[in-house]
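Examining the three-dimensional arrangement
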Amino acid sequence: MRTIVVGAGLSGLAAAVTRAVAGDEVVVYEAAGHAGGRCRSYVDATLDCVIDNGNHLVLSGNPMVQSFLKTIGAHDALTGPDTAEFDFVDLKSGERWTLRPNEGLLPWWIFASDRRVPGTTPVDYVKLGALLAAGPAATVADLVPTDGPLWTKMMGPVLLAVLNTDPKLGSAKLTAAVLKETMAKGGRAYRPRIAHPNLGAAFIEPALRKLTELHALVHFGQRLRRIVFDHDKVIALEFPENTVPIGPSDRVVLAVPPWVAQDLVPGLSVPTEFRAIVNAHFKVAPLPDAPKMLGVVGGTAEWIFAFEDRVSVTVSGAD
Ligand SMILES: Cc1cc2nc3c(=O)[nH]c(=O)nc-3n(C[C@H](O)[C@H](O)[C@H](O)COP(=O)(O)OP(=O)(O)OC[C@H]3O[C@@H](n4cnc5c(N)ncnc54)[C@H](O)[C@@H]3O)c2cc1C
């Protein structure tokens, strides 16, 4: 069987690797001159160093990320603490604290005042359970208190990063899906993990190497212009310089952003609202004892990442 993948972002690469490992003949067409899409690294001429197009955080319990990294031979490409630990600073009060959830399923850390958010009580955390029964239309603010120390010092900044939208207006159902995969599974499911030394080295270059090893072809500079349909069947893909006929046993995976997919597939229903993320990169070596990732309360940025040769800040929902 032949699988044609359009788009070599993380979704397209994951689809291509999965099908190539399964034995398909795989061909990838990517519009840009490089792979990685929104999850890539590049040499920034001003800073004269490799930076990521955006700071990415993944959590240790994300099964799809772990399985993808294992398949491409990059299982050791993410770095982070051995236990779930999150450092925070409140810029207004100067207060600093470290959130230290315990590893196992039973969340006894919420009863330990030196592990939980200062000023919170165990009852505050129990109230988050209301999110787990969320219906499709509910916002986070409909179900849980959005004031008080737990919200301002933890849930607000964490959910802003997770949802990239004002967390009060964010979907309670999506939030619940994240909580079920992380907090509900104990600290070992949400140890913070960052690509080392960068996104390209961790996710993209090993995936391209794996595809080469499996004899898959990746064509760059090939923007899919039109999908030719015969009723509900795809019969050809039109690129600027060639048309690829699609046979009955071929499979086409469209791994492009929603607004592109909508143009290519008439009538496709896609998300229509998006929020910006701004990252600022500073070419300054962090202090030796700086945490690798610091949550910031009361500032413009919500997270500060310390890399060996630079410091990066992230502002989510940054429109
Ligand atoms: C700043 C930033 C920070 C982020 N932080 C996190 C994080 O901390 N944790 C996390 O899990 N996720 C994070 N994300 C989200 C994550 O990067 C994306 O979900 C993921 O990279 C999307 O991959 P994708 O392959 O679906 O889409 P894309 O990366 O957009 O890839 C689509 C590809 O299709 C190509 N393409 C488009 N049109 C065509 C066409 N017509 N023909 C051929 N090719 C085409 C594009 O060039 C691109 O390479 C972040 C994203 C950004 C931007």
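See the structure shown above.
Definitions and limits used
Residues numbered from 1 in each chain as written. Predicted model: local features only at pLDDT ≥ 70, side-chain atom pairs only at ≥ 80, totals over all residues. Heavy atoms only, no water. Axes fitted to C-alpha atoms, helices over the stretch in contact; angles between N-to-C directions. Helix = DSSP H or I, 4+ residues; strand = E, 2+ residues; numbered from the N terminus. Parallel < 35°, antiparallel > 145°, perpendicular 65-115°, else oblique. Left-handed = near helix turned anticlockwise from the far one by under 90°. Contact = heavy atoms within 4.5 Å. Nonpolar A, V, L, I, M, F, W, Y, C, P; charged D, E, K, R; others polar. Pairing = 2+ DSSP bridges. Phe/Tyr/Trp six-rings, centres within 6.5 Å; stacked < 30°, edge-to-face > 60°. Buried < 20%, exposed > 50% of the residue type's maximum accessible area, 1.4 Å probe, protein only. Lys NZ or Arg CZ within 6 Å of the ring centre and 35° of its normal. Near = heavy atom within 4 Å. Polar contact = N/O pair within 3.5 Å; in protein donor to acceptor, adjacent residues only side chain to side chain. Areas by Shrake-Rupley, 256 points an atom, 1.4 Å probe, with all protein chains shown as cover. Core = buried A, V, L, I, M, F, W, Y, C linked by side-chain atoms within 4.5 Å.

Some remarks on the packing of helix H1 (residues 10-21) against helix H7 (residues 199-213)
The contact between H1 and H7 brings their axes to 10 Å, and the two run at 30°. Relative to H7, the element H1 lies roughly parallel. Here the hand of the crossing between H1 and H7 comes out left-handed. Judged by residue contacts, Leu-10, Leu-13, Ala-16, Val-17, Ala-20 and Val-21 of H1 engage Phe-203, Ile-204, Ala-207, Leu-208, Lys-210 and Leu-211 from H7. Counted by class, the contact of H1 with H7 contains 11 nonpolar, no polar and 1 charged residues.

Concerning the sheet that holds strand S15 (residues 278-282)
Across the sheet, which stays open at both edges, the 6 strands sit in the order S8-S7-S16-S17-S18-S15 with mixed pairing between neighbours. Looking along the sheet, the strands with just one partner apiece sit at the ends: strand S8 (96-99) and S15. Averaged over all adjacent pairs, the angle separating strand axes in this sheet is 25°, with direction ignored. Sheet topology note: the S15/strand S18 (residues 311-315) ladder contains 5 bridges and is antiparallel. Paired with Val-278 across the two strands is Val-315, which belongs to S18.

Here's the deal with the packing of aromatic side chains
For the structure shown, the criterion picks out 7 aromatic pairs. Consider the rings of Phe-88 and Trp-303, whose centres lie 5.8 Å apart with planes at 55°: the pair is tilted. In this pair, Phe-88 sits in strand S7 (residues 86-90) while Trp-303 sits in strand S17 (residues 303-306), placing the two residues 215 residues apart along the sequence. In terms of burial, Phe-88 and Trp-303 fall into one category: buried. Taken together, a centroid distance of 6.5 Å and an interplanar angle of 15° make the contact between Phe-305 and Phe-307 stacked. Relative accessible area serves as the criterion here: at 4%, Phe-305 is assigned to the buried category. Owing to a relative accessible area of 10%, Phe-307 belongs among the buried residues under this scheme. Grouping aromatic residues by their ring pairs yields a cluster made of Phe-88, Trp-97 and Trp-303. In this arrangement the basic side chain of Lys-153 is found over the ring face of Trp-97, its NZ or CZ atom lying 5.2 Å from the centre.

Comments concerning the site of the ligand
Taken together, 25 residues form the shell around the ligand, and within it Ser-11, Glu-30, Arg-38, His-56 and Leu-57 come nearest. Here an oxygen atom of the ligand sits 3.1 Å away from a polar atom, N or O, in the main chain of Leu-10. Separating an oxygen atom of the ligand from a backbone N or O atom of Leu-57 is a distance of 2.7 Å. Protein coverage of the free-state accessible area of the ligand, which is 1000 Å², stands at 76%. For the shell around the ligand, the per-class residue count stands at 12 nonpolar, 10 polar and 3 charged.

Description of the pairing of strand S12 (residues 233-238)
Where strand S11 (residues 226-230) and S12 come together, 5 bridges link them in antiparallel fashion. What sits directly across from Asp-230, in S12, is Lys-233. Counting the residues between successive antiparallel strands, the hairpin from S11 to S12 contains 2 residues, one of them, His-231, with a positive phi of roughly 55°. Where S12 meets strand S13 (residues 243-245), 3 bridges bridge the pair, whose relative direction is antiparallel. Looking at the pairing, Leu-237 lines up with Val-244 of S13.

Remarks on the packing of helix H5 (residues 149-163) against helix H6 (residues 172-181)
When two helices pack together, their arrangement is given by the angle between the helix axes and the distance between those axes. Running from N to C, H5 and H6 cross one another at 100°; their axes reach a closest spacing of 11 Å. As far as their axial angle goes, H6 and H5 are roughly perpendicular. The segment H5 lies against H6, with Met-155, Leu-159, Val-162 and Leu-163 engaging Leu-174, Thr-175, Val-178 and Leu-179. Taken together, the residues of the contact of H5 with H6 break down into 7 nonpolar, 1 polar and no charged.

Things to note about the nonpolar core
The nonpolar side chains of soluble globular proteins are, as a tendency, buried together. Counting residues in hydrophobic clusters, the biggest one holds 30 residues, and the most contacted among them are Phe-86, Phe-88, Leu-99, Val-117, Leu-150 and Met-155. Elements represented by at least two residues in this core include exactly S7, S8, H5, H6, strand S16 (293-297) and S17. The residues contacting Leu-99, other than those within four sequence positions of it, are Ala-84, Glu-85, Phe-86, Phe-88, Trp-109, Arg-115, Arg-116, Val-117 and Met-154. Core analysis: the second largest hydrophobic core is formed by 27 residues, Ile-72, Ala-74, Ala-195 and Ala-202 among them.

Any functional reading would require information beyond the geometric quantities listed.
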